[in-house]
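Architecture and fold: a report
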Amino acid sequence: MAEATAQTRPGGRSAKVRAAVHRAVEELVAEGPGEALTIPVVAARAGVHATTVYRRWGSVAQLLNDVATSRFSGDVVVPDTGSLAGDLERWVGDVATDLADPDVLALMRATIGSGPGGGSACTGDRHAQLGAIIEREQARGGEVPSVGTAVDTLLGPLYYRAIFSAEPASGEWARGMVATLLAAIQCRVPSGGPTSR
């Protein structure tokens, strides 16, 4: 019995190392250009040996992907306002607020620039959140867009504006994107229905 207890160490050394390394990456990326980020620099900031970081993550790209995946998972709560419009408007506003944080932007830019998997690390959880909002509305019996359409209409412009534009995503602008998406749903011809010309 004691042996089993000794083997399970929630919050043990591994978790502490991971937390210290993640914190070091976030601090370093916020302080300067991502190109200056190296595993020895991260290890020194985290107070661990570089071999520990190499062994666990292997490369700066894998490390940045892990930090971004952790950072962008669960940071925005999926709202439940009772309507698709309300859920999407609140969600878009929360994502826009998160993307306005300079430290978040620095991490995103470094992660995206680190390799092909960087974009997925920054958006994976946001795709899942949109999927959850759409599934809930489907369960309520409402008309819904595909997740892909919602991503293209809402998430694409949010990320574009955050990364490539100095213009902030205002609440009115965000609500306009939701209105565009909902209008597109209303214009759809029901599958199997008559086509009017």
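The structure under discussion appears in the preceding block.
What comes next concerns the included structure. In this convention, every chain numbers its residues from 1, walking through the sequence in written order. Selection of residues for local features in this predicted model requires a pLDDT of at least 70, selection of side-chain atom pairs for listing and counting requires 80 or more, and totals for whole chains, interfaces and linings are taken over all residues. Calculation of side-chain values draws on the structure's entire complement of heavy atoms; hydrogens and water are dropped beforehand.

**A short note on the packing of aromatic side chains**
Note on ring pairs: Phe, Tyr and Trp rings are taken, using the six-membered ring of Trp, and paired if centres are within 6.5 Å. Classes follow the plane angle, with under 30 degrees stacked, over 60 edge-to-face and the rest tilted. Counted under the stated rule, the structure contains one aromatic pair. Look at Tyr160 and Phe164: their rings are 5.2 Å apart centre to centre, the planes differ by 40 degrees, and that puts the pair in the tilted class. Of this pair, Tyr160 and Phe164 both sit in helix H9 (residues 147-164), separated by four residues, roughly a single helical turn. A relative accessible area of 52% places Tyr160 in the exposed class. Three labels apply to residues, based on accessible area from a 1.4 Å probe with only protein chains included: buried if under 20% of the type maximum, exposed if over 50%, partly exposed otherwise in between. By relative accessible area, Phe164 is classed as exposed at 62%. Think of it as a cone above the ring: NZ of Lys or CZ of Arg counts as a charge over the ring if it is within 6 Å of the ring centre and within 35 degrees of the ring normal. For Arg161, the ring lying beneath its charged end belongs to Trp173, and the centroid distance is 3.9 Å. Comment: elements are numbered from the N terminus, with helices defined as DSSP H or I runs of at least four residues and strands as E runs of at least two.

**Regarding helix H10 (residues 171-187)**
To estimate the expected span of a helix, subtract one from its residue number and multiply by 1.5 Å. The end-to-end C-alpha distance of H10 is 24 Å, a good match for the 24 Å that 17 residues give at a rise of 1.5 Å each. Looking at H10, one finds that the buried residues are Ala174, Met177, Val178, Leu181 and Ile185. Down the axis of H10, the smallest arc covering the buried residues is 95 degrees, so these residues share one side. Facing away from the buried side of H10, by more than 90 degrees, are the exposed residues Glu172, Gln186 and Cys187. Packed against the buried residues of H10 are helix H6 (84-99) and H9. Working definition: the arc comes from the directions between the helix axis and the C-beta atoms, pointing outward to the latter. Residues are treated as being in contact if the distance between any of their heavy atoms lies within 4.5 Å.

**Observations concerning the nonpolar core**
In this text, buried Ala, Val, Leu, Ile, Met, Phe, Trp, Tyr and Cys residues form a nonpolar core when linked through side-chain atoms within 4.5 Å. Val21, Val25, Trp91 and Leu154 are the most contacted members of the largest nonpolar core, which totals 53 residues. Tallying contributions element by element places H9 first for this core, with eight residues. The contact partners of Trp91, leaving out residues within four places of it in the chain, are Val76, Val77, Pro79, Arg126, Gln129, Leu130, Ile133, Leu154 and Leu155.

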